[in-house]
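Structural overview
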There are 2 protein chains.
Amino acid sequence: MAETETVRQANAAAFDSLEVALDRGSPIPLYYQLAQQLESAIEHGALAPGNLLGNEVDIAARLGLSRPTVRQAIQSLVDKGLLVRRRGIGTQVVHSQVRRSLELSSLYDDLAAAGQSPATRVLRNEIQSASPEVAAALGIPEGRDVIVLERLRSTHGESVAHLTNYLPATLLDLDTERLEATGLYRMMRAAGITLHSARQTVGARCATADEGTLLDEPEGAALLTMCRTAYDDTGRAVEYGTHVYRAARYTFDFQLLVRP
Amino acid sequence: MAETETVRQANAAAFDSLEVALDRGSPIPLYYQLAQQLESAIEHGALAPGNLLGNEVDIAARLGLSRPTVRQAIQSLVDKGLLVRRRGIGTQVVHSQVRRSLELSSLYDDLAAAGQSPATRVLRNEIQSASPEVAAALGIPEGRDVIVLERLRSTHGESVAHLTNYLPATLLDLDTERLEATGLYRMMRAAGITLHSARQTVGARCATADEGTLLDEPEGAALLTMCRTAYDDTGRAVEYGTHVYRAARYTFDFQLLVRP
DNA sequence: CAGTGGTCTAGACCACTCG
DNA sequence: GAGTGGTCTAGACCACTGA
């Protein structure tokens, strides 16, 4: 098809005319600078879906980089799901429909956004002895001190979720005011805790009378439940939470990327 | 602490005594061979949690590989969450508590396992015109032919989920028998469709009377709902599904890895 | 066949962490 | 200061794809 040829030429033009400004004096790695600029070019449509990127050797030559550096940049976007490599063909921009869903919900949004919601009211912030369940989840001895955190999250003046969190008491201090302003994960990060991974279980059940009162739902209404244990990069469990969401006002969105 | 020193020495010994067999004649990449053997060493406890791996230059020298190749192997395990790198310190095996949860539920288990469950009964397998909702989800014109698939999944003789899927009719042929034996995703893979990503939304609601009958739950029982659109690596939507699970017998488990 | 990404090498310098 | 991972270079050969 002639159309295909036209598109291919347009692609090359699109990438050739792309201005990539690399600052070798910057502390930001070159591959990262390139990746960021490619990503924004894709976002802004300068690189359209389906466009071929041009071969890696040429790109490297044109930018004055080595091929491994260019590959590292491209690879990071492949890992994000924005680009697709094909042996013998080239590297292509993923189609917009897929990209849009990627942008809508990164896998880590929930972790990142946890606690950053506009309105979170702290109902409880105190130290207790770890129950067997909590101790097991956090991998600490039963009876050890833990911070118990209970929060009510709402948007637009309507309650959305009831969050209960448990943290080893030695980990950090949780000032209630800062907690409502900043969010739990941001405070943990500020305390030097670097998150590594978290394990989540999502289920559903009907609201009890108490839960109904708290969340403004009738008894028996459907609720989404989520249990999470989050780990440090040293392998410590740093948080265990059991959360309850009003199903009518909340869903979990996430994106799966299939590794080749 | 003396204990720390002992552990550190044990680490070095653990890795030094690790036998890594590389086959340069194999079509399997060297970095992949190394990654696999490291992974199994971690699984089998030959490399214990917290163990330092030893520096990359030494490993490369000992195995007769270049450092980038060793780095590529290590990086792949870091991406899986099994190892943690620390600048100026070394590479460590992640603690077992974290690893266990990683092994329990890879992020892609659900996709991979979809349809491989022991008992799946096909209730419907026919071609229809795409409704507006389905057409929008699949990114095809309204009214275009789509395969409509309705399945009932059960384990241990009890129903667990009611799955409804829509696929562009041009994509592949779905033989009901093979579908029950093989599973949808395996059939798609066999048809040359390589999955790239999927977007999921998980929610909850109460069962209608019909759903209750189908799933053997009372009306009003809590149900987990899941909507998914899966994409090809060319960017085509290849499947849209709306699934309903009995909350009493099913939860979604997944693992988040925080990218540095 | 020519062109592409996939793999691999053998070096180099830097930033960071620790003692 | 010594040791670590993080980045980068300038090449090389291979496997796969398409025409």
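Remember, it's a predicted structure, so these values are computed and weren't measured experimentally.

Conventions used here
Residues numbered from 1 in each chain as written. Chains lettered and ligands numbered in written order. Predicted model: local features only at pLDDT ≥ 70, side-chain atom pairs only at ≥ 80, totals over all residues. Heavy atoms only, no water. Helix = DSSP H or I, 4+ residues; strand = E, 2+ residues; numbered from the N terminus. Buried < 20%, exposed > 50% of the residue type's maximum accessible area, 1.4 Å probe, protein only. Contact = heavy atoms within 4.5 Å. Core = buried A, V, L, I, M, F, W, Y, C linked by side-chain atoms within 4.5 Å. Near = heavy atom within 4 Å. Polar contact = N/O pair within 3.5 Å; in protein donor to acceptor, adjacent residues only side chain to side chain. UniProt positions renumbered as here; feature names shortened; annotations may be inferred. Buried area = accessible area lost by both parts, 1.4 Å probe. Salt bridge = Lys/Arg side-chain N within 4 Å of Asp/Glu carboxyl O. Nonpolar A, V, L, I, M, F, W, Y, C, P; charged D, E, K, R; others polar. Pairing = 2+ DSSP bridges. Least-squares fit on C-alpha atoms with pLDDT ≥ 70 in both. Axes fitted to C-alpha atoms, helices over the stretch in contact; angles between N-to-C directions.

**Observations regarding the overall build of chain A**
Along chain A, the regular secondary structure elements total 10 helices and nine strands. When the 260 residues of chain A are sorted by exposure, 48% land in the buried category. When contacts within chain A are restricted to residue pairs at least 6 apart in sequence, those whose partners lie at least 24 apart make up 56%.

**A closer look at the nonpolar core**
A:Val202, B:Leu174 and B:Val202 are the most contacted members of the largest nonpolar core, which has 42 residues in total. The contact partners of B:Leu174, leaving out residues within four places of it in the chain, are B:Asn125, B:Ile147, B:Leu149, B:Leu167, B:Leu179, B:Leu184 and B:Met187.

**Quick notes on the protein's contact with DNA strand C**
Taken together, 26 residues are adjacent to DNA strand C, and A:Asn55, A:Arg85, B:Arg24, B:Leu30 and B:Thr69 come closest. In DNA strand C, atoms within 4 Å of the protein come 71% from sugar and phosphate. Between DNA strand C and the protein, one listed contact pairs a phosphate oxygen with a backbone N or O atom of B:Leu30 at 2.3 Å. Measuring from a phosphate oxygen of DNA strand C, one finds a side-chain N or O atom of B:Thr69 at 2.6 Å.

**Quick notes on the UniProt feature "domain: HTH gntR-type" (unreviewed entry) in chain A**
On the UniProt side, "domain: HTH gntR-type" (unreviewed entry) is annotated at positions that read residues 28-96 of chain A here. Helix makes up 54% of residues 28-96 of chain A and strand 12%, whereas the separation of the span's terminal C-alpha atoms amounts to 28 Å.

**Quick notes on the interface of chain B and chain A**
At the junction of the two partners, chain B supplies 51 residues and chain A supplies 51 residues. Buried area between chain B and chain A, summed over both chains or domains, comes out near 4600 Å², and the portion from carbon and sulfur atoms is 57%. Taken as a group, B:Arg199, B:Phe254 and B:Leu256 account for 16% of the area that chain B buries against chain A, more than any other trio of residues on that side. The tally of links between chain B and chain A comes to four salt bridges. The shortest N-O distance in the salt bridge between A:Asp253 and B:Arg199 comes to 3.0 Å. Remark: the boundary between chain B and chain A carries 14 residue pairs in polar contact (both at pLDDT 80 or more). Among the secondary structure elements, those contributing two or more residues to the side of chain B that touches chain A are helix 4 (67-80), strand 1 (83-86), helix 5 (96-104), helix 7 (132-138), strand 6 (195-206), strand 7 (222-232) and strand 9 (252-257) of chain B. Ranked by residue count, the leading element in the side of chain B that touches chain A is strand 6 of chain B, at 12 residues. Here the side of chain B that touches chain A is composed, by residue class, of 27 nonpolar, 16 polar and eight charged. As defined by bridge partners, strand 6 (residues 195-206) of chain A adjoins strand 9 of chain B across six bridges and the pair is classed as antiparallel. Bridged to A:Thr201 within strand 9 of chain B is B:Asp253.

**So, the relation of the copies chain B and chain A**
Expressed as a screw transformation, the operator carrying chain B onto chain A has a rotation angle of 180° and an axial translation of 0.0 Å, and the superposed copies differ by an RMSD of 0.0 Å. The two molecules are tied by a two-fold rotation axis, judged by turn and shift. By residue overlap, the copies meet face to face through one surface: 100% of the interface positions of chain B are interface positions in chain A.

**Re the sheet that holds strand 7 of chain B**
With respect to topology, seven strands assemble into an open sheet ordered 9(A)-6(B)-7(B)-8(B)-5(B)-4(B)-3(B), the strand pairing being antiparallel. Every interior strand has two partners, whereas the edge strands, strand 9 (252-257) of chain A together with strand 3 (119-129) of chain B, have only one. On average, each strand axis in the sheet is tilted by 15° relative to the strand beside it, whichever way the strands run. Sheet analysis places strand 4 (residues 145-155) of chain B next to strand 5 (residues 158-168) of chain B, joined by 10 bridges and oriented antiparallel.

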